Amino acid sequence: MSNKEEKKPFERLPTDVVPKNYKLELRPDLQKFTFQGKLSITAEVRNATKRVVLNSAEIEIQSVKYVQGGQDATVTFTEADETVTLEFPLELPVGEAAIDIAYTGIISEQMRGFYRCKYTHPDHPDEERYAAVTQFEAADARRALPCWDEPSHKASFDVVFVVPKSKVALSNMNVVNTEEVEGDLKRVTFAQTPVMSSYLLAFIVGEFDHVEATDENGVLVRVYTPVGKAEQGRFALDVAVKTLPFYKDYFNVAYPLPKMDLIAIPDFAAGAMENWGLVTYRERLLLVDPVNTPAISKQYVALVVGELIQEQGN
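My aim in this report is to walk through the structure given alongside it, one point at a time. Note that the structure is predicted; figures quoted are calculated from it, not measured.

### Here's the deal with helix H2 (residues 295-310)
The first and last C-alpha atoms of H2 sit 23 Å apart over 16 residues, in line with the 22 Å expected at 1.5 Å per residue. Here H2 has its buried residues at Val-301, Val-304, Val-305, Gly-306, Leu-308 and Ile-309. Buried positions along H2 lie against helix H1 (234-251), strand S18 (259-265), strand S19 (272-273) and strand S20 (278-282).

### A look at the nonpolar core
Of all hydrophobic cores here, the largest spans 96 residues; its most connected members are Leu-86, Tyr-103, Leu-145, Phe-161, Phe-203 and Val-305. Filtering out sequence-adjacent residues up to four positions away, Phe-161 remains in contact with Leu-26, Pro-28, Phe-114, Ala-169, Lys-186, Arg-187, Val-188, Phe-190, Phe-203 and Val-205.

### A few points about the sheet that holds S18
In spatial order, the strands read S16-S17-S18-S20-S19; together these 5 strands make up an open sheet with mixed pairing. Each edge of the open sheet carries a strand with a single partner, namely strand S16 (209-214) and S19. Where S18 meets S20, 5 bridges bridge the pair, whose relative direction is parallel. Paired with Ile-263 across the bridge in S20 is Thr-280. Docked against the sheet, H1 engages S16, strand S17 (220-225) and S18, running at close to 155° with respect to S17. Contacting S18, S19 and S20, H2 runs over the sheet at an angle of about 150° to S20.

The rules we used
Residues numbered from 1 in each chain as written. Predicted model: local features only at pLDDT ≥ 70, side-chain atom pairs only at ≥ 80, totals over all residues. Heavy atoms only, no water. Helix = DSSP H or I, 4+ residues; strand = E, 2+ residues; numbered from the N terminus. Expected span 1.5 Å × (residues − 1). Buried < 20%, exposed > 50% of the residue type's maximum accessible area, 1.4 Å probe, protein only. Contact = heavy atoms within 4.5 Å. Core = buried A, V, L, I, M, F, W, Y, C linked by side-chain atoms within 4.5 Å. Pairing = 2+ DSSP bridges. Axes fitted to C-alpha atoms, helices over the stretch in contact; angles between N-to-C directions.

This is the structure in structure tokens:
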């Protein structure tokens with residue numbers, strides 16, 4: 001007889017309630033390495049229920065409200081399963097439901113979820129600075145927002161960031177509005193994403209330079225680099241601008257987004273990640289020094305850039 005504790009079998013999330021859209025506003029603090037989140041979920045209630053179960057990890061929830069019924073939920077976390085159960089006093093009826101959640105989280109050091117990466121600015125080489133970036137594959141979007149963090153639970157996302165005016169904010173989609181808010185902050189609103197799995201969601205806040213061009217089909221392509229290294233992004237930009245139309249013709253499928261961003265991340269566990277519209281790379285897999293990078297390294301950058309572009313829905 002074994003003394004080992006039996007591992008609980010994996011269970012997928014219940015499907016009584018499933019997501020349709022997430023409206024997400026995040027306010028990261030890159031000094032305290034925390035963030036505040038406001039989340040409005042539009043969901044489909046397939047079977048009347050009092051319980052809504054989502055994935056959540058390293059998040060503290062302050063409030064939950066079922067908007068149509070004016071009900072507040074009791075919140076119970078199951079840490080081992082990385083789930084949170086929202087228990088309402090009355091059943092949510094079949095149909096569309098709106099659920100508002102206020103919560104806080106951490107910008108971790110773990111290179112997964114919503115995490116921080118360290119860099120230096122060329123004008124202040126002795127000063128450590130931090131950007132906030134994401135890596136959600138395979139199942140770490142739950143560290144940035146309570147969500148149905150399984151690939152089969154697809155939904156659209158409306159992302160808003162409140163960040164210092166001096167920072168660049170990026171997400172899967174193009175910016176549709178930027179407005180000044182209190183102090184030195186700005187609110188950056190992105191267009192709604194197509195329906196997609198949560199692991200493809202991405203957002204980044206930090207200091208970056210970039211180069212850009214438009215491909216022959218009108219898609220804006222940008223390569224983001226560390227400050228002072230914009231010229232090292234031109235090779236990847238040239239590859240991307242030529243590759244996107246090639247794949248459109250080859251697969252007879254047009255790239256569906258209005259822009260594509262490629263960005264070099266200082267601290268990145270994966271080699272590259274095909275977040276839709278915001279592809280992340282290790283610096284050595286995206287940046288090319290026009291003078292010092294050998295030809296074999298340029299070839300490898302071209303292969304990796306091309307492969308990740310191919311994974312953008314073709």
